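Working through the structure, step by step
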Amino acid sequence: MKKIVWKLLLTAGLLFGALTFSAQKLYVGTNAEFEPFEYLKDGEITGFDMELIAEIGKIIGKEIEIKNIAFDGLLPALQTKKLDIVIAGMTATDERKKSVNFSDTYYLAKQLIVLNKEANTGIKTFDDLPGKTVGVVLGYTGDIAVSEIKGVNVIRYNGTGEAIMALKAKKVDAVVLDSEPAVKYAGQNPELITLETDAAKEEYAIAFRKEDTELLKAVNGALKTLQDNGTYRKLLEKYGLVKE
Ligand code: ARG
């Protein structure tokens, strides 16, 4: 009899331990096609966001497990609890704020136009896009912005790399993409250039389920700590994200 009780206690204890341990783990969603924020280097996911979330994890005492999925699948996976948070150079748009909460802003960006120098498209500003074929990535804010311009033939790609490939192959006249990845891709492909634009500033932030307010508070606290102790600045420098 006693033996059975002990066994039961032991199983209960193990189960409890496993449960509390799993709660210590944060499933973090990203889409690693967004250099310098998240990208694959020698098969490993790296980048500013990845180091930032690792530092946040240390402060709030959570183990971080990164899940790399398609960008437009990130918020649905967060809602259905397959992910606990999302860090993906994600812009905190009003539309997204209807379904998720965002942390404090950790970076400001905007949309740029990427062109292939070898093609004479005559594109100089967003006003020149009507009548043109423009590549965007499905669900990115660039997709939303270009889709709002009347008369543009919008081609939606599943990933950043695919959109850039299409531009290199002159399948599209331009690609509209966030400033930092746009500059990175142009730097890596001599035939590509970026056009400065007057597009609105976009605020990158970490996304949470609406009900996870404690976690949101803890992460904002950690962000503040990292800003105060200089870690955040060091990471910006490391990834070439300091703007002055
Ligand atoms: N900032 C844009 C957005 O929120 C693009 C983000 C793409 N991020 C990524 N990791 N692929 O829609």
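Shown above is the structure to which this text applies.
Residues numbered from 1 in each chain as written. Predicted model: local features only at pLDDT ≥ 70, side-chain atom pairs only at ≥ 80, totals over all residues. Heavy atoms only, no water.

Looking at helix α2 (residues 48-60)
This is how it is decided: Numbering of helices and strands runs from the N terminus; a helix is a DSSP stretch of H or I covering at least four residues, while a strand is a stretch of E covering at least two. Residue count minus one, scaled by 1.5 Å, sets the expected span of a helix. The classification of residues rests on relative accessible area computed with a 1.4 Å probe and restricted to protein chains. Under 20% of the type maximum is buried, over 50% is exposed, and intermediate values are partly exposed.
The end-to-end C-alpha separation of α2 is 18 Å, in line with the 18 Å expected for 13 residues at 1.5 Å each. What α2 keeps buried is the set Phe48, Asp49, Met50, Leu52, Ile53, Ile56 and Gly57. Trailing α2 by a residue or two, Gly61 shows a phi angle of about 70°, which is positive.

Re unusual backbone geometry
A cis amide bond links Glu35 with the next residue in sequence, Pro36, at an omega value of 5°. Along the chain, Pro36 turns up in the loop between β2 (33-34) and β3 (38-41). Even without being glycine, Asp42 reaches a positive phi, approximately 50°. Within the secondary structure layout, Asp42 lies in the loop between β3 and β4 (44-46). Residue Asp42 is classed as exposed on the basis of its relative accessible area of 75%. Located in the positive-phi region is Lys81, a residue other than glycine, with phi close to 65°.

Some thoughts on the pairing of strand β10 (residues 133-137)
The condition that has to hold: Here, any two strands with at least 2 DSSP bridges between them count as paired.
Across the five residues of β10, five count as buried, placing the element largely inside the fold. Along β10, one buried face is formed by Thr133, Gly135 and Val137 and the opposite face, lined by Val134 and Val136, is buried too. Relative to strand β11 (residues 153-157), β10 runs parallel, the two being bridged by five bridges. Within β11, the position partnered with Thr133 by the bridge is Asn153.

Some thoughts on the packing of α2 against helix α9 (residues 231-238)
Spelled out, the test is: For helices, the fitted axis covers only the stretch in contact; all axes are lines through C-alpha atoms, and the angles between them, taken along N-to-C directions, range from 0 to 180 degrees. An angle below 35 degrees is read as roughly parallel, one above 145 as roughly antiparallel, one from 65 to 115 as roughly perpendicular, and any other as oblique. Handedness of each helix crossing follows the sense of rotation of the near helix against the far helix: counterclockwise by less than a right angle gives left-handed, clockwise gives right-handed. Note on contacts: a residue pair is in contact if any heavy atoms of the two residues lie within 4.5 Å.
Relative to each other, α2 and α9 sit at 160°, their axes nearing to 10 Å. Classified by the interaxial angle, the pair formed by α2 and α9 is roughly antiparallel. Of the two possible hands of crossing, α2 and α9 adopt the one that is right-handed. Along the contact surface, α2 presents Phe48, Glu51, Leu52 and Glu55, while α9 presents Thr231, Tyr232, Leu235, Leu236 and Lys238.

Describing the environment of Asn120
Relative to the helices and strands, Asn120 is located in the loop between β9 (111-116) and β10. Asn120 gets classed as exposed once you look at its relative accessible area, which sits at 83%.

Some remarks on the site of the ligand
Spelled out, the test is: Proximity is defined per residue: any heavy atom of the residue falling within 4 Å of a molecule or strand makes that residue near it. Here a polar contact is recorded for every N or O atom pair within 3.5 Å, except that within protein the pair must consist of a potential hydrogen donor and a potential acceptor, and residues adjacent in sequence are included only if both atoms are side-chain atoms. In this description, accessible areas are obtained by the Shrake-Rupley approach with a 1.4 Å probe, and a residue is regarded as covered only by the protein chains that are shown. Residues are grouped as follows: Ala, Val, Leu, Ile, Met, Phe, Trp, Tyr, Cys and Pro are nonpolar; Asp, Glu, Lys and Arg are charged; all remaining types, including Gly, are polar.
Looking at the ligand, there are 14 residues lining it, with Asn31, Ala88, Arg96, Tyr140 and Asp178 nearest. For the ligand, a nitrogen atom lies 3.0 Å from a polar atom in the side chain of Glu38. In this structure, Thr91 approaches the ligand through a main-chain N or O atom, which is 2.8 Å from an oxygen atom. In isolation the ligand exposes 350 Å². Once the protein is present, 100% of that is buried. When its residues are assigned to classes, the shell around the ligand shows six nonpolar, five polar and three charged.

Quick look at the packing of α2 against helix α8 (residues 213-228)
Between two packed helices, both the angle of their axes relative to each other and the distance between the axes serve to describe the pair. Direction vectors running N to C along α2 and α8 enclose 110°, while the axes themselves pass 9 Å from each other. As the angle between them shows, α2 and α8 are arranged roughly perpendicular. Contact residues: α2 offers Leu52, Glu55, Ile56, Ile59 and Ile60, while α8 offers Leu215, Ala218, Val219, Ala222, Leu223, Thr225 and Leu226. Grouping the amino acids of the contact of α2 with α8 by side-chain chemistry returns 10 nonpolar, one polar and one charged.

Some words on the sheet that holds strand β13 (residues 192-195)
Across a sheet, paired strands are connected by hydrogen bonds in the backbone, their directions being either parallel or antiparallel. Here we have five strands laid out as an open sheet, ordered β11-β10-β12-β9-β13, and mixed in their pairing. The open sheet is flanked by β11 and β13, the only strands paired with a single partner. Averaged over all pairs of adjacent strands, the angle between their axes in this sheet comes to 30°, without regard to strand direction. Looking at chain direction, β9 and strand β12 (residues 174-178) are connected through five bridges and run antiparallel. Residue pairing for β12: Leu112 is matched across the bridge by Leu177.

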